[in-house]
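Below are the chains, spelled out letter by letter.
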Amino acid sequence: MKLVVDYNNLVIVGLWNRHIFYPEWVGQYLLPETELTAEYPLNIAGSFRVSSDKIRIFVLGNRLHFVPLKADLEVFDLIQETSLKVGTYLPHTPISAFGVNFLFEADSSELTRDFLAVPDLDLLTNAGFTPESTSYSHIIAVNGKKVNFTISIKDSKVKFDLNYHFDVKNLVEFKERISNNSIVSLLNDSENLVKSIYLKTNGI
């Protein structure tokens, strides 16, 4: 099993001013002394996509996205630290929620059994329909935190998509909640959940 990167790991929902997130501002306040690259927005509701060799930051609509570009724990620590800086430098931005997301990918041969043998697959096949992909979702509590958990399969690849959802009133509460629920600890919880239930062997 591997942890997928270049994926929206942290998303903060709020009334973001996308014009603030231009490369010079990100370099001065969020990622100082870091070599950055920037991509022009293709969507009128988007900001520049500003990237280091470890993370990418951008606004799209009412969401501020933090994307890991490497599967290293220090990268997830950096995302958390950078998001706390946003709370410090833009404290009056109204926000309503944030999500922490992880995506794992495994080969179907790694599963302990066929978890995706849902009841209607045979019915579809017998009727002449061959599903190109299959998925199902749960809403579960992991250590008291709400998690939207989706499992999907396409060909021989299985994906485990976990979204931890937190409602917050402002960036002060955001900083408190994410400090008490570190991204690395949520990653460890997620990895343990998938490994302990679905996989034959351990290890990412």
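Keep in mind the model is a prediction, meaning the values are calculated, not measured.

So, how was this worked out
- Within any chain, residue numbers begin from 1 and follow the written order of that chain's sequence.
- Residues qualify for local features only when their pLDDT is at least 70, as the model is predicted, and side-chain atom pairs are given and counted only at 80 or more; totals for whole chains, interfaces and linings, by contrast, use all residues.
- Only hydrogens and water are removed before side-chain values are computed, so all heavy atoms of the structure are retained for them.
- The term salt bridge refers to a side-chain nitrogen of Lys or Arg lying within 4 Å of a carboxyl oxygen of Asp or Glu.
- To qualify as a helix, a DSSP run of H or I must reach at least 4 residues; to qualify as a strand, a run of E must reach at least 2; elements of each kind are numbered from the N terminus.
- We call a residue buried when its accessible area falls under 20% of the maximum for its residue type, exposed when it is over 50%, and partly exposed in between, using a 1.4 Å probe and counting protein chains only.
- It only takes one pair of heavy atoms within 4.5 Å for two residues to be counted as in contact.
- What counts as an axis is a line fitted to C-alpha atoms, over the stretch in contact for a helix, and the angles between N-to-C directions run from 0 to 180 degrees.
- Any angle from 65 to 115 degrees is called roughly perpendicular, while one under 35 is roughly parallel, one over 145 is roughly antiparallel, and all others are oblique.
- A clockwise turn of the near helix away from the far one marks a right-handed crossing, whereas an anticlockwise turn of less than a right angle marks a left-handed crossing.
- Amino acids are sorted into nonpolar (Ala, Val, Leu, Ile, Met, Phe, Trp, Tyr, Cys and Pro), charged (Asp, Glu, Lys and Arg) and polar (every other residue, Gly among them).

Colleague: So what's going on with the pattern of salt bridges? Which residues, and what values?
Modeller: In the structure shown here, the tally under the stated rule is nine salt bridges. For R56, the salt bridge goes to E39, with nearest N and O atoms at 3.8 Å. Of this pair, R56 sits in strand β5 (residues 55-60) while E39 sits in strand β3 (residues 37-39), placing them 17 residues apart in sequence. Owing to a relative accessible area of 10%, R56 belongs among the buried residues under this scheme. A salt bridge links K70 to D53; the shortest N-O distance between them is 3.8 Å. Pair noted here: K70 is in the loop between β6 (63-68) and α2 (73-89) and D53 is in the loop between β4 (49-51) and β5, with a separation of 17 residues, a long-range link. Since its relative accessible area comes to 34%, K70 is described here as partly exposed. Bridged by salt links that share partners, the residues D6, E39, R49 and R56 form one connected network.

Colleague: Account for the environment of S108, with residues named and values stated.
Modeller: Relative to the helices and strands, S108 is located in the loop between β7 (95-107) and α3 (121-126). For the pair formed by S108 and H65, sequence separation is 43 residues and the distance between their alpha carbons is 30 Å. Residues contacting S108, with those up to four places away along its chain left out, are I153, S156 and V158.

Colleague: Describe in detail unusual backbone geometry, supporting the description with residues and values.
Modeller: For D6, which is not glycine, the phi dihedral falls at a positive 55 degrees. With a phi close to 55 degrees, D155 is a non-glycine residue in the positive phi region. As for its placement among the helices and strands, D155 is situated in the loop between β9 (145-154) and β10 (157-167). D155 sits in the exposed class, given a relative accessible area of 69%.

Colleague: Residues and numbers for the packing of α2 against helix α4 (residues 171-180), please.
Modeller: Between α2 and α4, whose axes approach to 9 Å, the crossing angle comes to 160 degrees. For the element pair α2 / α4, the angle class is roughly antiparallel. Of the two elements, α2 crosses α4, and the hand of that crossing is left-handed. Here α2 contributes Q80, S83, L84, G87 and T88 to the contact with α4, which in turn contributes L171, F174, K175, I178 and S179. For the contact of α2 with α4, the residue count by class is four nonpolar, five polar and one charged.

Colleague: Explain the packing of helix α1 (residues 23-30) against α2 to me, using residue names and the numbers behind them.
Modeller: The interhelical angle for the contact between α1 and α2, taken along N-to-C directions, is 100 degrees, at an axis separation of 10 Å. As summarised for this structure, α1 and α2 are arranged roughly perpendicular, according to the angle between their axes. Touching W25, Y29 and L30 of α1 are T82, K85, V86 and Y89, all from α2. When its residues are assigned to classes, the contact of α1 with α2 shows five nonpolar, one polar and one charged.

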